[in-house]
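What follows is each chain in one-letter form.
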Amino acid sequence: MEKPEKLIIDGKRLDGRAPEEMRPLKIEAGVLKRADGSAYVELGENKVLAAVYGPREMHPRHLQRPDTAVLRCRYNMAPFSVEERKRPGPDRRSVEISKVTRQALEPVLFLELYPRSVIDIFIEVLQADAGTRTAGITAAAVALADAGIPMRDLVSSVAVGKIDDMIVLDLTKEEDQWGTTDMPVAIVPRKKLVSLLQMDGNLTEEEFKRALDLAFRGCEQIYQAQRQALKEKYAIKPEGE
Amino acid sequence: MEKPEKLIIDGKRLDGRAPEEMRPLKIEAGVLKRADGSAYVELGENKVLAAVYGPREMHPRHLQRPDTAVLRCRYNMAPFSVEERKRPGPDRRSVEISKVTRQALEPVLFLELYPRSVIDIFIEVLQADAGTRTAGITAAAVALADAGIPMRDLVSSVAVGKIDDMIVLDLTKEEDQWGTTDMPVAIVPRKKLVSLLQMDGNLTEEEFKRALDLAFRGCEQIYQAQRQALKEKYAIKPEGE
Amino acid sequence: MEKPEKLIIDGKRLDGRAPEEMRPLKIEAGVLKRADGSAYVELGENKVLAAVYGPREMHPRHLQRPDTAVLRCRYNMAPFSVEERKRPGPDRRSVEISKVTRQALEPVLFLELYPRSVIDIFIEVLQADAGTRTAGITAAAVALADAGIPMRDLVSSVAVGKIDDMIVLDLTKEEDQWGTTDMPVAIVPRKKLVSLLQMDGNLTEEEFKRALDLAFRGCEQIYQAQRQALKEKYAIKPEGE
Amino acid sequence: MYEMISKVRRDYIGDLARQGKRVDGRALNQYREVSVEVGSIKSAQGSALVKLGRTQVLAGVKIQHAEPFADRPDSGVLIVNAELLPLASPTFESGRPGEDAIELARVVDRGIRESEAIDLEKLAIKSGEDVWAVFIDIYALDHDGNLIDASALAAMAALLNVKTPEDEAWTLPGLPVTKKPVAVTIAKINGKLMVDPCLDEENVMDARITMTTIEDGSLCAMQKGGIGCFSREELEQAYELARAKSVELRAHLG
Amino acid sequence: MYEMISKVRRDYIGDLARQGKRVDGRALNQYREVSVEVGSIKSAQGSALVKLGRTQVLAGVKIQHAEPFADRPDSGVLIVNAELLPLASPTFESGRPGEDAIELARVVDRGIRESEAIDLEKLAIKSGEDVWAVFIDIYALDHDGNLIDASALAAMAALLNVKTPEDEAWTLPGLPVTKKPVAVTIAKINGKLMVDPCLDEENVMDARITMTTIEDGSLCAMQKGGIGCFSREELEQAYELARAKSVELRAHLG
Amino acid sequence: MYEMISKVRRDYIGDLARQGKRVDGRALNQYREVSVEVGSIKSAQGSALVKLGRTQVLAGVKIQHAEPFADRPDSGVLIVNAELLPLASPTFESGRPGEDAIELARVVDRGIRESEAIDLEKLAIKSGEDVWAVFIDIYALDHDGNLIDASALAAMAALLNVKTPEDEAWTLPGLPVTKKPVAVTIAKINGKLMVDPCLDEENVMDARITMTTIEDGSLCAMQKGGIGCFSREELEQAYELARAKSVELRAHLG
């Protein structure tokens, strides 16, 4: 498609949102029966499914670690999730996203409780519209909780960016493509610690600080929605865990 | 090549056979020295070699099964076996055929006699003219017997099909390409049980029953030829085993 | 580039060398810190780096041999080492060279001293101008010595060839491309035994004998340079080991 | 798809079968609850989520320009791919499709191809150079048995859901889908035939036979699976079952 | 890149960090000795060998004809590839690039791409058919920590070293390099931030953040790594460090 | 191709060698029975089944249109591929060709290519666009030692067996085969040289040397294998053996 002349008109983005407004968000826990834990996230046109298996025995054995569980993560896009059919199998982008996703989630887990084990996180992007890695982390955190794996906290994730020289929350594919900057962030909410941070584009010092502000606020909204989803699943317990 | 106007003319097929007639068949047992068992099958222009190794220790060990041997099968076509040179290595077709071949043969084996072991069946198509999977099963059954592996029975296999609205035995490549329907069948002869059945094309109920009839009769011919080949190899023992 | 009319003019080769003259040679031992042993070789425009790791425990375990260490070798060309960028990863040529390189070096090692272990040799061609396999063997022998691995002797290697019907030492890329014959040789110097010999092109009996003569003399020069490099590295000990 | 199952469980399911009963209380000729939801994936030209009880399969269709095969210059291209996603089962692994995924894709492919459900001749654009390629990607999301029937149904539902793309030079009024092949899988346990095996049943069954039929009840594809055998009579009985149940399933295709 | 490290060593480095000290005696904001040697590889159009202390990375640039991507018919192509050679570390293995090599390549790639250091529009030759492709191959030769900064510096130095090819129909006076992005990696150990972690430090660090900046001090790329976290304040402090040190490193680009 | 062999057997074969004897009773300069059967594979343009004693190798030739290599626009293409089929030996494994299969293919390839046995220049059709590609596929069926000589002989016999294709626009009267290179492999055991090692001998030999010669007795390719060494004198002696035996083998090429 053609590059639009402006991405923000009269203070509104092309989809009508205000700069600091997130797309509609829906989170559901426990959507799969076979997986030990699972979650489904819709953020705007993104549809992402996450499943957790484990802790389970690690095979092959030489990959076991005697002092800790190993956390593995696979981020994957469905062939039909994007405009041009994506060939199945991992590409370089998904390998990198799998790695940073794993590192974004690992800080909240007590892996040392499960030596010689593995915890697997599988993230499938069914429909993509920018922000799939952050939606995947958000879903995976809920799936880990749904699996009953002890966690220090959830992890909440969203992207901020710069379009038309303005810092905005939660880019669409169009904004990502034609904007200047994309900055995905994941936060461990209670302690306000950043467990994922990537950026490409351009940010001045002022913009970087403003982007961090907005990311923290966005992640707080994500966090509330994650807790709500877990509450609904485990309705008897008023507090998701 | 061009599609012929008719595949059956005056009750005869293009190669002169009657509808229920099989192509010339030759089976030889014990044609390779290194393999524990082997067999060579020619069916018309098909030339197929099968070898069996095992039971032998399974490596790597984590694939061993404590209660049974594992049966593995590889169906493979030589690059020069077909019109257009085939690139070496398994394609999706050969992976599927390897699987159904293994499942066609497994019913006659006593795998539970050899825990932690593996029996390997290798089938090489040296020249192909339709019906290679069934010729491969036929050869593999003889190779298993040649290897001295205890068997409940042999497995005998042939394809039937529909051309010019007639059910016929043992399609050639030309008939397979221009005909309507291909139905490979494998049978455990003594108990008359079907251990392989695939079909693509079109069959009405009547045609299906007729195709089964013809397949059973064809497999019976195959069976006699298999027994004869084993008798010739083990001439002192009047009964192949 | 165009094929030159002659490769030897007035008894001199295109780069001014005499037929029996080697290109400028530089050998340096111990150039890498992480590797257990390493060496760098420049021969004309060839730049080759070799590193040795081990003896170290072999993983995965089923590749261990109870009576001996295993020697592994990887010869690899950098993508930017040749005119047309080489795609990363092994091709058929490098797989074969890795094998003959390993077999050229193995005769001087006491692998039986290190059961269940592996010794790894990694050879990286950073810039190529014909003769990279022999330069790699020369470098690897020095790297093995630098790693302190007990050796019967060094291994010294160089190529000879035939251009304009003359047997010459140490072909350049141009001579290799437009000449008739390339014959890489490796020698265990003290016992004057040939541990690598390949040839492609054409050699009469007389030429073959003359090529062997020249190869032995070339390897002797290489050997002296290898010893010198080890002496310089281990200056206190007057004799490299 | 080998899953460990205890001998007790195996015997229990086998005993039930002998009595004509099933582990989840169904009749031998009864499917689990079937649900078909189309169009949920907007990035696909057509999509369908099929549930057979707890089994969930998502199929997406993408239609793109492609070169025709050399031997069929005037024919569109159909490509069916199946992914047994590791999130769907503890026994599914990441990596290139294994033999089970390949068999699944090929069985679905044959049902569609052999019934000529899509008129591929209509998908030619420029002879020998440009045709429409129809990619059907089958995504197993939750595996509780009988992925074949769920996948075949999802694939057909997704094809029927295809919207003609508006924003490219689409050359046809719609995707020319002319038939509705339906796959019915019948498991054999202790000599009893039963449709739509759940995972527990798949883990103990002797063999399975998948029969794909079209509207007139004729067969367009078959695939036997498993290491057991069928008698002639069982095959004929299975065909009766398949014909009867295909009507039910086809009703979900609208 | 997981390497076993003893608890004693881990505690020692952690204790040093708490006191603002480092295992090799450097200040927290001090790089190891930096050396950049360009042009040693004549078979490359540009090359650079960078040493950060004992860490050695060689980058080579090859420029070749290529087809442009379909969605950018008038833009040259930039491809960054990194090889963690098994000769560089006992923990690196032969074979296709793993996640660490891929991350390394992509972080270097983003610094160059997002800063628009190369004017890819100038590398078009014939719209939709022919463009110049710039391949940057990063070759890790000796791994003693902080391969990211060494690789990013080597890549830029190699690009700046590119000689216009004489013997082919090169269509430009030179490679249009317009900016000099520099990556600075900051490790966090025991709550202390330090630049240019050596291998010992990488093995015990909680997390790292790489910040790539251009001449005006603005950010063009960031990448957090490791399984620990950063607070907001730490990120702002890291940015200060990155800006300051990038000036030093950029000086080596001439 | 590492096979376990007992120390007793190893010593036995070594002792025999010292006495100038061999495990199967042959003289040191004696081949096993050689048989060459051509044309059995009709789907190949040429084929040959070679037996050296119990060793069996099948070679098939396919000739197809291809694009020439960029640097040789007017030259046909020769591709030699070898498969060490798992049915031929318990030590051969399924999967992509390993180093032994690659070495085998390349040694056969070099013998044919370097002797210019096929006049590749004659296989050009349209400069830079279209040439004939000659694929030689070597299929090891039964491995009882000396696959190299059997493969090289099978490849040449298959080439000489090529029938000009009738049903396509074949542009030449026949495949231009101008020489008959023959590979002779000599094993060294306990200081003794012997031709055509059987498997038992291969398993204990110190080293082997393959010398490929053409009609005039000159060398066109050599390949030393194994982890032992040869002295100068041994190499010259091996060359004598190779020249003598090549005449015998070449006679089988008709």
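The structure displayed is predicted, hence computed values, not measured ones.

**Q** Provide a residue-level description of the overall build of chain A, including the pertinent values.
**A** Counting its secondary structure elements, chain A contains four helices and 11 strands. Here the C-alpha atoms of chain A give a radius of gyration of 18 Å, agreeing with the 18 Å that 2.2 N^0.38 yields for 241 residues. Oriented by its inertia axes, the alpha-carbon framework of chain A measures out at about 55 × 40 × 35 Å. In chain A, which comprises 241 residues, the share counted as buried stands at 60%. Of the contacts formed within chain A by residues at least 6 apart in sequence, a portion of 67% connects residues at least 24 apart. For chain A, the accessible area works out to roughly 9,600 Å², and carbon and sulfur atoms hold 50% of it.

**Q** Break down the overall build of chain D for me, with residues and values.
**A** Secondary structure assignment for chain D yields five helices and 11 strands. By the compact-globule yardstick of 18 Å for 254 residues, chain D fits well, its C-alpha radius of gyration being 19 Å. Structurally, chain D occupies a C-alpha span of about 60 × 35 × 30 Å along its principal axes. Looking at chain D as a whole, 62% of its 254 residues qualify as buried. In the form shown here, chain D has an accessible surface area of approximately 9,700 Å², with 49% of it arising from carbon and sulfur atoms.

**Q** Requested: an account of the sheet that holds strand 4 (residues 37-43) of chain B, with residues and values cited.
**A** Residue and element names in this part refer to chain B. Spatial strand order, 3-4-5-7-6: five strands in an open sheet with mixed pairing. The two strands at the open ends of the sheet, each matched to only one other strand, are strand 3 (25-29) and strand 6 (70-77). Ignoring which end each strand starts from, the neighbouring axes of this sheet average 15 degrees apart. In terms of strand pairing, strand 6 meets strand 7 (residues 117-127) through eight bridges, oriented parallel. Note on strand 7: the bridge partner recorded for Arg74 is Phe122.

**Q** With reference to specific residues and values, describe the sheet that holds strand 7 (residues 117-127) of chain A.
**A** Residues and elements named next belong to chain A. Judged by pairing direction, the sheet is mixed, and its five strands sit side by side in the order 3-4-5-7-6 without closing on themselves. At either margin of the open sheet sits one strand with a lone partner, and together these are strand 3 (25-29) and strand 6 (70-77). For this sheet, the mean angle separating the axes of adjacent strands, direction not counted, is 15 degrees. The sheet strands contacting helix 2 (residues 132-146) are strand 3, strand 4 (37-43), strand 5 (46-57), strand 6 and strand 7, and the helix crosses strand 5 at an angle near 40 degrees.

**Q** Outline the interface of chain B and chain D, listing residues and values.
**A** Accessible area lost upon the coming together of the parts is a frequently used measure of interface size. If you look at the interface, chain B gives 32 residues, while chain D gives 35 residues. With both chains or domains summed, chain B and chain D bury close to 3,000 Å², and 54% of this area falls on carbon and sulfur atoms. Of all residues in chain B, B:Arg92, B:Glu96 and B:Lys99 give up the largest surface area on contact with chain D, accounting jointly for 21% of the area buried on that side. Here chain B and chain D share seven salt bridges between them. With a shortest N-O distance of 2.5 Å, D:Asp100 and B:Lys99 are connected by a salt bridge.

**Q** Talk me through the environment of A:Lys12; I want residue IDs and the actual numbers.
**A** Residue and element names in this part refer to chain A. The topology assignment puts Lys12 in strand 2 (residues 12-13). Residue classification places Lys12 among the partly exposed residues on the basis of a relative accessible area of 42%. Linking Lys12 and Thr138, residues 126 residues apart in sequence, is a C-alpha distance of 26 Å. If we skip the residues at most four places from it in the chain, Lys12 touches Leu7 and Arg17.

**Q** Tell me about the interface of chain F and chain C, and name the residues and values.
**A** Contact with chain F, which involves 35 residues of that partner, is made by 32 residues of chain C. At the boundary of chain F with chain C, total buried surface from both sides reaches about 3,000 Å², with 53% on carbon and sulfur atoms. On the surface where chain F and chain C come into contact, there are seven salt bridges. Among the ionic pairs, F:Arg110 bridges to C:Glu96, the shortest N-O distance being 2.7 Å. Along the contact surface separating chain F from chain C lie 20 residue pairs in polar contact (both at pLDDT 80 or more). Put simply, the parts of the chain that give the side of chain F that touches chain C at least two residues each are strand 4 (77-84), helix 2 (99-114), strand 9 (207-213), strand 10 (219-225) and helix 5 (232-251) of chain F. Pairing of strand 11 (residues 193-203) of chain C with strand 10 of chain F, which is carried by four bridges, proceeds in the antiparallel orientation. Within strand 10 of chain F, the position partnered with C:Met199 by the bridge is F:Met222.

**Q** I'd love a proper account of the arrangement of the chains, names of residues and values included.
**A** The two units chain A and chain C never meet; even their closest C-alpha atoms stay 8 Å apart. In this structure chain D stays clear of chain F, and the shortest span between their C-alpha atoms is 13 Å.

**Q** So what's going on with the side chain of E:Glu83? Residues and values would help.
**A** Structurally, E:Glu83 is set in strand 4 (residues 77-84). Buried and without a salt bridge, E:Glu83 has C:Arg74 as its closest oppositely charged side chain, separated by 5.3 Å. Setting aside residues up to four positions removed in sequence, E:Glu83 forms contacts with C:Pro88, E:Pro97, E:Ile138, E:Tyr139 and E:Ala140.

**Q** Describe the pattern of salt bridges, listing the residues and the values that go with them.
**A** Scanning the model with the defined rule gives 134 salt bridges over all chains in all. D:Glu121 is the partner of D:Arg72 in a salt bridge, and the nearest nitrogen-oxygen pair spans 3.5 Å. Here D:Glu121 lies in the loop between helix 2 (99-114) and strand 5 (124-126) and D:Arg72 lies in the loop between strand 3 (55-66) and strand 4 (77-84), a separation of 49 residues in the sequence. Two residues, F:Arg32 and F:Asp144, come together in a salt bridge whose shortest N-O distance is 3.7 Å.

**Q** Account for unusual backbone geometry, naming residues and giving values.
**A** Here B:Gly54 and B:Pro55 are connected by a cis peptide whose omega angle stands at 0 degrees. Mapped onto the fold, B:Pro55 is located in strand 5 (residues 46-57). Even without a glycine there, the phi angle at A:Asp10 is positive, about 55 degrees. As for its placement among the helices and strands, A:Asp10 is situated in the loop between strand 1 (8-9) and strand 2. The phi dihedral of F:Asn190 falls on the positive side, at around 50 degrees, and the residue is not glycine. Its location among the elements puts F:Asn190 in the loop between strand 7 (182-189) and strand 8 (192-195).

Here is what the cut-offs are and how they apply
- Residues numbered from 1 in each chain as written.
- Chains lettered and ligands numbered in written order.
- Predicted model: local features only at pLDDT ≥ 70, side-chain atom pairs only at ≥ 80, totals over all residues.
- Heavy atoms only, no water.
- Helix = DSSP H or I, 4+ residues; strand = E, 2+ residues; numbered from the N terminus.
- Rg over C-alpha atoms; globule rule 2.2 N^0.38 Å.
- Buried < 20%, exposed > 50% of the residue type's maximum accessible area, 1.4 Å probe, protein only.
- Contact = heavy atoms within 4.5 Å.
- Areas by Shrake-Rupley, 256 points an atom, 1.4 Å probe, with all protein chains shown as cover.
- Pairing = 2+ DSSP bridges.
- Axes fitted to C-alpha atoms, helices over the stretch in contact; angles between N-to-C directions.
- Buried area = accessible area lost by both parts, 1.4 Å probe.
- Salt bridge = Lys/Arg side-chain N within 4 Å of Asp/Glu carboxyl O.
- Polar contact = N/O pair within 3.5 Å; in protein donor to acceptor, adjacent residues only side chain to side chain.
- Lys, Arg positive; Asp, Glu negative; His and termini not counted.

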